[in-house]
Structure formats: structure tokens, C-alpha cells
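Chain by chain, the residues:
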There are 2 protein chains.
Amino acid sequence: MIDTQDKCHSSVEELLAEKNQRYTTHRKSIVRVLFELSKPASLSEILAVASQRSINLPISTAYRNLAILEDCGVVRRLIASEDLGLYELAEALTGNHHHHLICEQCGDVNDLSSNSNLERALSRAAEMVMDQIDFQVTGHRIDLTGICSNCNKVDSA
Amino acid sequence: MIDTQDKCHSSVEELLAEKNQRYTTHRKSIVRVLFELSKPASLSEILAVASQRSINLPISTAYRNLAILEDCGVVRRLIASEDLGLYELAEALTGNHHHHLICEQCGDVNDLSSNSNLERALSRAAEMVMDQIDFQVTGHRIDLTGICSNCNKVDSA
DNA sequence: TTTAGTAATGAGAACTATTCTCATTATATG
DNA sequence: CATATAATGAGAATAGTTCTCATTACTAAA
């Protein structure tokens, strides 16, 4: 489990090097933002945080780099929101296996660290599936959907 | 559990009526296609099947009706594909609680009927989550990701 | 340190799924 | 039958994302 940003950056550097990619300033900025947010973020959120730090990150560069980082196993692009790509650091990088809490009202997505009971149940389920059908399971996604604390407050107000 | 298309159509009619919506020919065609495919389908797949039956379903009408059907609880729009909306009949309509097998290679999505072990584990997990954090869980999504039989064949060929 | 050669950048065009607009057509109701 | 409302369909508009291409920044060899 990667716990400091320094360790994170050096791991990223290795992953990029494996694919002959440079760890440029822009790429480092993106990883830094994702590390510090520690929740899935949309492109505009990433740009906003960068902008707060006077980092000018052009849209096309940001998308291109996110795609490259994804290809190198640094970033994962989630499929969780209706019409927005959300990005987070890959589990293979952080070592933090987790799932997501998705608010059905505002679309906000937050991490939910997994627990061993749930994971055991899922592995069993995956095995059952593999036995029964012709599909090679390599991973799973679990999202819990509902109403986040913010939206709950707004509703009752 | 709805097992015949006739039952399905009458349930849909009721659901629409609750919201003062008519069960028009187009809407019936969409429901029919989704019922018969019995797997999540993109708009273009839906249109293709309709077209095979000489049903001319304009894009704008199809989207509009899918949105209305979703609003009435007839259809569910999945978030499972990178850049395509996928539609299926809602579980509340069919009574068939299931999850999805998503092929990471071709993006194809298929149904996976759930089983009680898995569901029990998930409800427990949901309860644990609710206790620990401020998030009101109302549902869950589980996708198993991997390689579908088709892509497996192609790879080994 | 120069010099290629290659990689990354940035601005804006292009693309694509989806939604919107609005005039026309169909349907239901008094 | 008349009128109000709903649904339709063609195409414009929108928005997230990707592509293009000229420019700039690195890197490595001479």
C-alpha cells in the first residue's frame, strides 16, 4: 500500500519507463492531483485543482496524458457517471482495493474500502460463474448506489 | 418474474399509465426488442433489430422514448460501457435481479443472474457501510469483468 | 556542445452520442 | 366534430472526448 506521494511518484516513473514514456511535469501534476484528492475526479475537477495551483493544463494535453497514464497502469478510468469520465489512481499502483459509493442524486463518487468478507463472497461468486459459463472473470466492480450525506441534508432542509 | 411478453406489455402499460403516458407503437417496439434480446443493448442495436423488422424508429424518437420509459421504471439505462448508453428492461418490471458480465475487450455486456449467497453477502456489506459512514445505500451494482467467449476464441486463433 | 531524431505540447478542428427545437401529425376527450 | 394535448421526426445544438498538426522540449549520439 503506497502511503506517501514520493513513493507514488517513483512507482509511476517505473511504470511509465516500462513503456518508454517520460514522466513529464504535466503528468506529475495529474498524478499529484489524483493522489491528493484520493477520490475519483472528472477532467474538469482535475483542471480546477491544477488551476488553483497556477498550473495551466490544456484540455487536450490532460486527456492525452490521462489516456497514456491509463495505458501504463497508473490511472483507471471509471465507468460510474452518466456522462463524465472519472479518473483515479489504479489499484495496482496504490494497492488499495476499494469500491465506490455513487450518489444517484448529484452523481458524486467516493471510495469505499473493501473488506475481506465481501471479497471472499465475490471470489466465490466469480468461481461459480466461471464454472457455469464461458466467461473468463478477471476482475469485478461493485458500486453501492444511494444518497450521499450532502444530498440528504439538502433534501431534508 | 415476468416470463411472457404479453405480461410484460401489460405491466408496461400500467407503469406508463401511472404517469399519463401512452403506450404507443414505437414504445411497444422498443420494449419488444429489449424483451427479446434479454441483454443490455445500445441504441444502435435496438434500431438495427427494429430495422430488420421494417420498423422505422427515428433516432430522436428512440432516445426520447427510452428516457420516458426509464422515467416510468420500465427501462434501465446502464453505466457499463465506455462511450455508449446501454438499455435493458428494469428489474422492477421483469423481477429478474441480475448483474453483468462485461467483456473488457469488445465491451459486450451480458446478464448474470444473481444468487442468494452473493446477495446475502452484499446486503451485509451494505449494512456495514451504512453503519460506518454517512451514506444511505439504496442499491448496488456488481459487474464481473473479463474476457467473453468470443474474444477468447479470437485471441487463441 | 551541436545535431538529429523523437516525444510531448497546445490550440483548435473534428467526432459522436445524446438532447433539444419546433413544425407536423396522431390521439383522446368534451 | 372540435379542441386540447401528446407524440413524432428531421435536423440543429450541445458536450465530452479525440484527433491533427505545427511548435517546442528532450534525449542521445557524434
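No experiment lies behind these values; they were computed from the predicted model shown.

A. Up close: the relation of the copies chain A and chain B. Note on the identical chains: chain A maps onto chain B by a rotation of 179° and an axial translation of 0.0 Å, with an RMSD of 0.1 Å. Taken together, the rotation and translation describe the operation of a two-fold axis. Taking the C-alpha atom as reference, chain A places I142 of chain A closest to the rotation axis, 2.3 Å from it.

B. Main features of the protein's contact with DNA strand C. Surrounding DNA strand C, one finds 17 residues, the nearest of these being Q21, H26 and R64 of chain A together with Y63 and G85 of chain B. In the interface set of DNA strand C, defined as its atoms within 4 Å of the protein, sugar plus phosphate atoms amount to 65%. T24 of chain A places a side-chain nitrogen or oxygen 3.0 Å from a phosphate oxygen of DNA strand C. Here a phosphate oxygen of DNA strand C and a side-chain polar atom of R27 of chain A are 3.0 Å apart.

C. Summary view of the sheet that holds strand β2 (residues 75–78) of chain A. Residues and elements named next belong to chain A. Strands sit in the order β1-β3-β2 across an open sheet of three strands; the sheet is antiparallel. Each of the sheet's edge strands pairs with one partner strand only, and the pair in question is β1 (41–42) and β2. In this sheet, strand β3 (residues 86–89) lies alongside β2 in antiparallel orientation, the contact comprising four bridges. Paired with R77 across the two strands is Y87, which belongs to β3.

D. Just the side chain of T145 of chain B, in detail. By the secondary structure assignment, T145 of chain B is in strand β6 (residues 135–148). Of the residues examined, T145 of chain B reaches a relative accessible area of 6% and is grouped as buried. Sequence-distant contacts of T145 of chain B, defined by excluding residues within four places in its chain, comprise F135, Q136, V137, T138, G139, H140 and R141 of chain A together with I102 and E104 of chain B.

E. Inspection of the domain arrangement of chain A at higher detail. All names here are of chain A. Its domain assignment divides chain A into domain 1 (1–96) and domain 2 (97–157). Averaged C-alpha coordinates put domain 1 and domain 2 at centres separated by 22 Å. At the junction of the two partners, domain 1 supplies twelve residues and domain 2 supplies ten residues. A combined buried area of about 960 Å² lies between domain 1 and domain 2, and 42% of that area is made up of carbon and sulfur atoms. Considering only the side of domain 1, the residues that lose the most area to domain 2 are K39, E91 and N96, jointly responsible for 43% of the buried surface there. Notably, a salt bridge pairs D108 with K39, separated by 2.8 Å at the nearest N-O pair. Counting across the interface, domain 1 meets domain 2 through seven residue pairs in polar contact (both at pLDDT 80 or more).

F. Seen up close, the packing of helix α3 (residues 43–52) of chain B against helix α4 (residues 59–71) of chain B. Residue and element names in this part refer to chain B. Closest axis-to-axis distance for the α3/α4 pair is 11 Å, and the angle between their directions is 115°. Crossing handedness for the pair α3 and α4: right-handed. Listed contacts from α4 to L43, I46 and L47 of α3 are I59, A62, Y63 and L66. Looking at the contact of α3 with α4, its residues break down into seven nonpolar, no polar and no charged.

G. How the structure looks around the interface of chain A and chain B. Taken together, the contacts link 36 residues of chain A with 36 residues of chain B. If you sort the residues of chain A by the area they bury against chain B, I79, F135 and R141 of chain A come out on top, with a joint share of 20%. Summed over the shared surface of chain A and chain B, the number is two salt bridges. Salt-bridge contacts for D143 of chain B lead to R141 of chain A; the nearest nitrogen and oxygen are separated by 3.4 Å. Summed over the shared surface of chain A and chain B, the result is twelve residue pairs in polar contact (both at pLDDT 80 or more). For the side of chain A that touches chain B, the secondary structure elements donating two or more residues are β4 (98–103), α6 (116–132), β6 (135–148) and α7 (149–156) of chain A. The element best represented in the side of chain A that touches chain B is β6 of chain A, accounting for 14 residues.

H. A look at the protein's contact with DNA strand D. In the region of DNA strand D, 17 residues are neighbours, and Y63 and G85 of chain A together with Q21, H26 and R64 of chain B sit closest. Considering the 4 Å shell around the protein, atoms of DNA strand D inside it are sugar or phosphate in 69% of instances. R27 of chain B is positioned such that a nitrogen or oxygen atom in its side chain is 2.9 Å from a phosphate oxygen of DNA strand D. Here a phosphate oxygen of DNA strand D sits 3.3 Å away from a polar atom, N or O, in the side chain of T61 of chain B. Of all the elements in the fold, those that place two or more residues in the surface near DNA strand D are α4 (59–71) of chain A together with α2 (25–37) and α4 of chain B. The element that contributes the greatest number of residues to the surface near DNA strand D is α4 of chain B, accounting for four residues. Residues that form the surface near DNA strand D fall into these classes: three nonpolar, eight polar and six charged.

Calculation rules
- Residues numbered from 1 in each chain as written.
- Chains lettered and ligands numbered in written order.
- Predicted model: local features only at pLDDT ≥ 70, side-chain atom pairs only at ≥ 80, totals over all residues.
- Heavy atoms only, no water.
- Least-squares fit on C-alpha atoms with pLDDT ≥ 70 in both.
- Near = heavy atom within 4 Å.
- Polar contact = N/O pair within 3.5 Å; in protein donor to acceptor, adjacent residues only side chain to side chain.
- Pairing = 2+ DSSP bridges.
- Helix = DSSP H or I, 4+ residues; strand = E, 2+ residues; numbered from the N terminus.
- Buried < 20%, exposed > 50% of the residue type's maximum accessible area, 1.4 Å probe, protein only.
- Contact = heavy atoms within 4.5 Å.
- Domains from an automatic or database assignment.
- Buried area = accessible area lost by both parts, 1.4 Å probe.
- Salt bridge = Lys/Arg side-chain N within 4 Å of Asp/Glu carboxyl O.
- Axes fitted to C-alpha atoms, helices over the stretch in contact; angles between N-to-C directions.
- Left-handed = near helix turned anticlockwise from the far one by under 90°.
- Nonpolar A, V, L, I, M, F, W, Y, C, P; charged D, E, K, R; others polar.

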